[in-house]
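Commentary on secondary and tertiary structure
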Amino acid sequence: MTAENRQFILPPIINRILTLLAEQGHEAYVVGGAVRDLLLGKVPGDFDVATSARPEQVIGLLEPAGFTVIGELGQNFGVVVVHQHGQTVEVATFRGEAYGADAHKPEQVWYCNDLRSDLARRDFTVNAMALDLSGNVYDYHGGRRDLQQQILRTVGVAERRYQEDALRMYRACRFVGQLGFDYVQQQGAGPAFGAANTPYYLPHSYSFPVSRSAGLSLERVRTELDKLLLGKWAGKGLMLLLATGLAAGRCRVREQGAYREIDVLPELEHLAGLPQNPRFHCYNVWEHTLAAIDNSPRQLAIRWALLLHDVAKGLPGIRKLNKEGQPSDHGHEAESAVMAEAILNRLRYPAPFVKRVVWLVARHMRFAPMLVTGERTLLRWLRSEAASGIFKDNHEMTVAFEQLVAVFLADMGATHAGKNTELMAEGRALGEAVLELARSKMPVHTKDLAVSGHDVLALLEDKSRIRAAMQYLLQRVQSTNLPNEKTALEDAVRGWQKRH
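Our subject in this report is the structure included herewith. Position labels on residues start from 1 in each chain and follow its written sequence. Restriction of local features to residues with pLDDT of at least 70 applies here, the model being predicted, together with a cutoff of 80 or more for giving and counting side-chain atom pairs; totals for whole chains, interfaces and linings are based on all residues. Water and hydrogen atoms play no part in the side-chain values, which are based on all heavy atoms of the structure.

1. Side note on helix H12 (residues 300-308)
- Each residue's exposure class comes from its accessible area (1.4 Å probe, protein chains only) as a fraction of the maximum for that residue type: buried when under 20%, exposed when over 50%, partly exposed otherwise. Secondary structure elements follow DSSP: runs of H or I no shorter than four residues count as helices, runs of E no shorter than two count as strands, and numbering proceeds from the N terminus. Counting buried residues along H12, eight of its nine residues qualify, which places the element largely inside the surrounding structure.
- Any two residues whose heavy atoms approach within 4.5 Å at even a single point are treated as in contact. Check the buried side of H12 and you find it contacts helix H9 (218-229), helix H10 (234-243), helix H11 (285-294), helix H13 (332-346), helix H14 (351-363) and helix H17 (394-413).

The following block contains the structure:
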């Protein structure tokens, strides 16, 4: 099906590739996500080209035109990767695929001669469209209609698509999180999932063939989870992840030449429908988590911290009833931090990233009491963090506190307090006060002081005492009874030297 001609602005490199192929009698189209984004009025992150030309013909045409071939999957996948003027494009020959035991890679790939067959193998209707050089859109699966209706739907039978390539299940959740679309499938609709009258309620749940995900590599699953978490509508995508059972799925890691299966995120399952004290909370724990994520800046450490900040709620030893008979999870932040560390290490995130997320989770409850106790308590807390050895300098600590303030405000905004303009303003003011204190009054390392070791050395009669002098200055400034100003610090060194 060919839609009416429209004007789309394509990058010069794409225009050139399409033109060179067309001039030699080959069909050539922009395909996939770039077409979807163009139809949505977005600027695509990258462009892929599909063509009737075979890989050797693509190379024979593009190399003489100044393109560098930087990769070729050739007979296996029919993809040629070309580079020019700092840009890289994948040019793929029309192909069909057949899947076997592998959970992601096709067992057989063959060339086909027409665009319709090539588009039929793709995952979702909104990704199964093509665009030619004249602006004609080719849509054989209702992708444009689904874009207009904001629906994510597989090409053909969902079960078959997911059995072919298990990563498509995670991609479904990711696209929902990125696009904000509603996921639907024609077969296998289940009961409603989630709390009614919330933004995350699903009138229908769907069953994914989750066992198939055990054959996926951790790296691919983790990439999809990160993209999902950074989506504008991450909460919707995460709701689908939990509703389909995919959060409780498994993937695999390779160790010493053999594969081992590991859990993805089964720790989230018990949060669904878990009640909270209605005096403070307008959502159950899972919907609260999703709302907090959607309230937050799209930074990975912040989003992971919010996903896991309440993961220990409801667990034995944490969940109790208060004197009014309402749920209480006192101390959940400490256990959530322990669980977050185990989860992120299992998923093999880098150690500095794990350390930061765990720090955020462990401290996300520290602000609430300080809405009452004020600046003196803040200073004691900041001083303890500065002296803890966790941070290498003031800049690192300030960035961490900026993230923690974002976590605190997102968490607060996903409770009844989020509807209280005055209370939220108090929370923001508290966050600003913390950051100002961190930036201006709380050095972490002697290199954060307004004097250098060289400056202090010039004032000392006994040069061997330089380390002691610098530590003395650091502790005085951290205690806030000495300003971090050069003249004041030099005077303090002189006084310290006289006393010692």
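2. Here's the deal with the state of the cysteines
- Cysteine sulfurs are considered disulfide-paired once they come within 2.5 Å of each other. Under the definition given, this model contains zero disulfides.
- Looking at Cys251, it has no disulfide partner, and the nearest cysteine sulfur is the one in Cys173, 14 Å off.
- The buried category is assigned to Cys251, whose relative accessible area is 0%.

3. Brief notes about the pairing of strand E5 (residues 87-93)
- Here, any two strands with at least 2 DSSP bridges between them count as paired. Here four bridges tie strand E2 (residues 48-51) to E5, and the two strands are oriented parallel to one another. Paired with Val49 across the two strands is Val91, which belongs to E5.
- With six bridges connecting them, strand E4 (residues 79-84) and E5 associate as antiparallel partners. Its bridge partner lying in E5, Val82 is registered against Val89.
- Connecting E4 to the next strand, E5, in antiparallel fashion are two residues, including His85 with a positive phi near 50°.

4. Overview of the layout of surface pockets
- In this analysis a 1.4 Å probe is tested at points of a 1 Å grid over the protein atoms alone, and where it fits but cannot get out there is a cavity; an open set with protein on both sides within 12 Å along at least five of seven lines is a pocket; lining residues have an atom within 4 Å of a point. Grid points are joined across faces, edges and corners, and a volume is the space filled by probe spheres set on the points. When its volume is computed, the largest pocket comes out at roughly 1400 Å³.
- Considering the residues around the largest pocket, the lining is formed by 38 residues, among which Asp48, Glu90, Arg95, Arg122 and Arg171 are closest to the centre.
- Counting residues per element, the ones that place at least two in the lining of the largest pocket are helix H2 (33-39), E2, E5, strand E6 (95-99), helix H8 (167-179) and H9.
- Examining the composition of the lining of the largest pocket, we find that five residues originate from one element, H8, more than from any other.
- The volume enclosed by the second largest pocket comes to roughly 910 Å³.
- Lining the second largest pocket are 32 residues, with Phe280, His281, Met365, Ala368 and Thr415 positioned closest to its centre.
- Contributions of two or more residues to the lining of the second largest pocket are made by strand E17 (327-328), H13, helix H15 (367-373) and H17.
- Charged residues are taken to be Asp, Glu, Lys and Arg, nonpolar residues to be Ala, Val, Leu, Ile, Met, Phe, Trp, Tyr, Cys and Pro, and polar residues to be all remaining types, Gly included. Its residues placed into classes, the lining of the second largest pocket shows ten nonpolar, 14 polar and eight charged.

5. Brief notes about the pattern of salt bridges
- Criterion for a salt bridge: a side-chain nitrogen of Lys or Arg within 4 Å of a carboxyl oxygen of Asp or Glu. Considering all chains together, one arrives at 23 salt bridges under this definition.
- With a shortest N-O distance of 2.7 Å, Arg153 and Asp146 are connected by a salt bridge.
- With its nearest N and O atoms 3.9 Å apart, the salt bridge here joins Asp393 to Lys447. Placement of the pair is Asp393 in the loop between helix H16 (375-386) and H17 and Lys447 in the loop between helix H18 (421-441) and helix H19 (453-459), with a sequence separation of 54 residues.
- Assessed through its relative accessible area of 14%, Asp393 is described here as buried.
- A single salt-bridge network, built from bridges that share partners, covers Asp118, Arg121 and Arg122.

6. Quick word on unusual backbone geometry
- The backbone of Arg348 shows a phi angle near 60°, a positive value even though the residue is not glycine.
- Locating Arg348 in the fold gives a position in the loop between H13 and H14.
- Notably, Thr480 is not glycine yet its phi reads approximately 70°, a positive angle.
- Inspection of the secondary structure puts Thr480 in the loop between helix H20 (466-478) and helix H21 (486-499).
- Residue Thr480 is classed as partly exposed on the basis of its relative accessible area of 36%.

7. Points about the nonpolar core
- One finds Ile17, Tyr183, Leu265, Trp304 and Leu307 to be the most contacted residues of the largest nonpolar core, which totals 133 residues.
- Among the elements that line this core, the one with the most residues is H17, at eleven residues.
- Apart from residues no more than four positions distant in its own chain, Trp304 is found in contact with Leu225, Asp226, Leu229, Leu265, Leu344, Leu347, Tyr349, Phe353 and Val357.
- Counting 16 residues, the second-largest nonpolar core is a separate cluster that includes Leu460, Leu473, Leu474 and Trp496. To form a nonpolar core, buried Ala, Val, Leu, Ile, Met, Phe, Trp, Tyr and Cys residues must be joined to one another through side-chain atoms within 4.5 Å.

8. What to know about the packing of aromatic side chains
- Note on aromatic pairs: the rings of Phe, Tyr and Trp (six-membered ring only in Trp) are paired at centre separations within 6.5 Å, and the planes decide the class, stacked below 30 degrees, edge-to-face beyond 60, tilted for the rest. Enumeration according to the criterion identifies 14 aromatic pairs in this entry.
- The interplanar angle of 25° and the centroid separation of 6.2 Å between the aromatic rings of Tyr29 and Phe94 together place this pair among those described as stacked. Placement of Tyr29 in strand E1 (residues 28-31) and of Phe94 in the loop between E5 and E6 is noted, with a sequence separation of 65 residues between them.
- Take Phe94: its relative accessible area is 0%, and that puts it in the buried class.
- Cluster of aromatic residues (ring-pair linked, three or more members): Trp359, Phe367, Trp381, Phe391, Phe401 and Phe408.
- Whether a charge lies above a ring is judged from NZ of Lys or CZ of Arg, which has to be within 6 Å of the ring centre and within 35 degrees of the ring normal. Seen from the ring of Phe175, Arg174 lies directly overhead, with NZ or CZ sitting 4.5 Å from the centre.
- In this arrangement the basic side chain of Arg222 is found over the ring face of Tyr349, its NZ or CZ atom lying 5.4 Å from the centre.

9. Concerning the side chain of Ser336
- Topologically, Ser336 is positioned in helix H13.
- Taking the relative accessible area as the measure of exposure, Ser336 reaches 0% and is therefore buried.
- Polar contact is defined as a pair of N or O atoms within 3.5 Å, subject to the rule that within protein one atom must be able to donate a hydrogen and the other to accept it, and that residues adjacent in sequence are counted only when both atoms are side-chain atoms. Polar side-chain contacts of Ser336 include one of 3.4 Å to the backbone nitrogen of Val311.
- Apart from residues lying up to four places away in sequence, Ser336 is in contact with Leu308, His309, Asp310, Val311, Ala312 and Val361.

10. Regarding the packing of H12 against H14
- For the pair H12 and H14, interaxial distance at closest approach is 9 Å and the crossing angle is 50°. Judged by the angle between their axes, H12 and H14 are oblique. Judged by the sense of rotation from one axis to the other, the crossing of H12 with H14 is right-handed. Here Leu300, Ala301, Trp304, Ala305 and Leu308 of H12 come into contact with H14, specifically with Phe353, Arg356, Val357, Leu360 and Val361.
- For the contact of H12 with H14, the residue count by class is nine nonpolar, no polar and one charged. Angular values range over 0 to 180 degrees, each being the angle between N-to-C directions of two axes fitted as lines to C-alpha atoms, with helices fitted over their stretch in contact. For classification, angles of less than 35 degrees are called roughly parallel, those exceeding 145 degrees roughly antiparallel, those between 65 and 115 degrees roughly perpendicular, and all remaining angles oblique. By definition, any crossing whose near helix is turned counterclockwise from its far helix by less than a right angle is left-handed, and any crossing with a clockwise turn is right-handed.

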